[in-house]
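Topology and contacts: notes
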Amino acid sequence: MKTKFLIAAIAASMLLSSCSKVGGEVPQSTAVVQQEPVQPDTDNEEPVEDETNNEDTDGENENSAEEAQDPVFQIDLSLKPNELGEVMILMYHGIGDQESDWQRTPENFRKDLEYMYQNKYQMISLNDYAMGEISTRAGYTPIILTFDDGRQNNFNYIEENGKLVIDPDCAVGILQEFREKYPDFDVTASFFLGTNIFGQKEYEEEKLRFLVDNGYDIGNHTYSHNKLELLESTEIQKEIGAVNNIINRLVPDYDVETLALPHGSNPKDEYVSSMLEGQYENIKYKMTAVLDVGWRPAFSPFDSMNNFKSLYRVTASETKVDNCGMYDYFSQFEENKRERFISDGNPNVVTIPKKHEEYLNMEMVGNRTVNIYE
Ligand SMILES: [Zn+2]
């Protein structure tokens, strides 16, 4: 076993000769590594170090052993990681008794979550996606859940035996159920709010506190739900700033940095900057990700085609109109008609197949190590 390990380590040191700066330890520089497919060998995972070997003055061996511990070397290429594949940002609205384009029944929402879990999707927050912080397990695909409009059926309190509890059939109730059922699903979601904060005015603060304390995110869906394309700079800043200020008063420790465009309406070009950054009543806001309405999966955050100012979403319904419901895309991924993002398991390494190399957005990659394989 030791011989095998040494051969692998030496091979690795040859393959990774340009890799002295891996791991993002050196700011302002990005290491690009060409990784050849290495058959995963369980023997390599826990190398037994011989004490006599440690005293060896032969620096090359020590070096090789070090490089075998390298995060890039540990990436399992047999899982076909593809961190330039697509990521679905699902657009939900209501959860209620009547199924429609804008509403899932509790039963169907549970079915969606079960499908995702059984098919190797793992939830991440929109905020992490926007930062390229993908900590999804190796071989799994990140997926993002969003809910627009702040309906009461997203987060509803009911009384049970004189006690206030979360309605088990509202969105948050079902998400909490799956969080308990599958702890490794990393359940989270973003709720995009305007002036209506899940109905039940008396519990607004309590609900937002619960979301923040339990790892959910709150986004902005504007004050009046008007089309931003019809507004000028001051109006846009009021639409966004007023909602940020309301949320900020209720949960002062939480910064709202994401926006879902009402009706998917983008502002005129000259006002895009007012959407991304502005102020209202002397309080500033800054948006890192802006969401369109649903029609197709989003690009990887590392894809140069991606536009964080107008991110694609997928309508979370089953209707087959134009073949762009969530299950249409799930099956296209299954049938390899589209490529889904498959994580390499290491948030500090971006692993991609060589054929996609030209699409890599190096600015977004930042200090992460790029790992390219054939
Ligand atoms: Zn809306």
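Preceding block: the structure.
Remember, it's a predicted structure, so these values are computed and weren't measured experimentally.

1. Quick word on the coordination of the zinc ion
- In this structure, Asp149 (OD), His221 (NE2) and His225 (NE2) serve as the protein donors to the zinc ion, at separations of 2.1 Å.
- With a relative accessible area of 3%, His221 lands in the buried category.
- Of the residues examined, His225 reaches a relative accessible area of 29% and is grouped as partly exposed.

2. As for the environment of Phe191
- Structurally, Phe191 is set in strand S9 (residues 190-193).
- Sequence spacing of Phe191 and Gly219 is 28 residues, and the spatial spacing of their C-alpha atoms is 5.7 Å.
- Residue contacts for Phe191: discarding those within four places in its chain leaves Phe147, Asn154, Val172, Leu175, Phe198, Leu211, Tyr216, Asp217, Ile218 and Gly219.

3. So, helix H4 (residues 106-118)
- Under the 1.5 Å per step criterion, the end-to-end length of H4 is 18 Å for 13 residues, consistent within 8% with the ideal 18 Å.
- Here H4 has its buried residues at Pro106, Asn108, Phe109, Asp112, Leu113, Tyr115, Met116 and Tyr117.

4. A short note on the packing of aromatic side chains
- According to the stated counting rule, one finds 21 aromatic pairs in the structure shown.
- Their ring planes at 65° and their centres at 5.5 Å tell us that Tyr327 and Phe330 sit as a pair that is edge-to-face. Of this pair, Tyr327 and Phe330 both sit in helix H10 (residues 326-334), separated by three residues, roughly a single helical turn.
- An aromatic cluster is present here, built from Tyr92, Phe109, Phe147, Phe155, Tyr157, Phe191, Phe198, Tyr203, Phe210 and Tyr216 joined pairwise through their rings.
- Here the basic side chain of Arg137 rests over the ring of Tyr140, its NZ or CZ set 4.3 Å away from the ring centre.
- Here the guanidinium or amino end of Arg340 rests over the ring plane of Tyr121, the centre of that ring lying 4.1 Å away.

Rules behind the numbers
Residues numbered from 1 in each chain as written. Predicted model: local features only at pLDDT ≥ 70, side-chain atom pairs only at ≥ 80, totals over all residues. Heavy atoms only, no water. Donors = N, O, S within 2.8 Å, 3.2 Å for Na, K, Ca; no water. Buried < 20%, exposed > 50% of the residue type's maximum accessible area, 1.4 Å probe, protein only. Helix = DSSP H or I, 4+ residues; strand = E, 2+ residues; numbered from the N terminus. Contact = heavy atoms within 4.5 Å. Expected span 1.5 Å × (residues − 1). Phe/Tyr/Trp six-rings, centres within 6.5 Å; stacked < 30°, edge-to-face > 60°. Lys NZ or Arg CZ within 6 Å of the ring centre and 35° of its normal.

In short, the description is geometric, and any link to function would need to be established separately.
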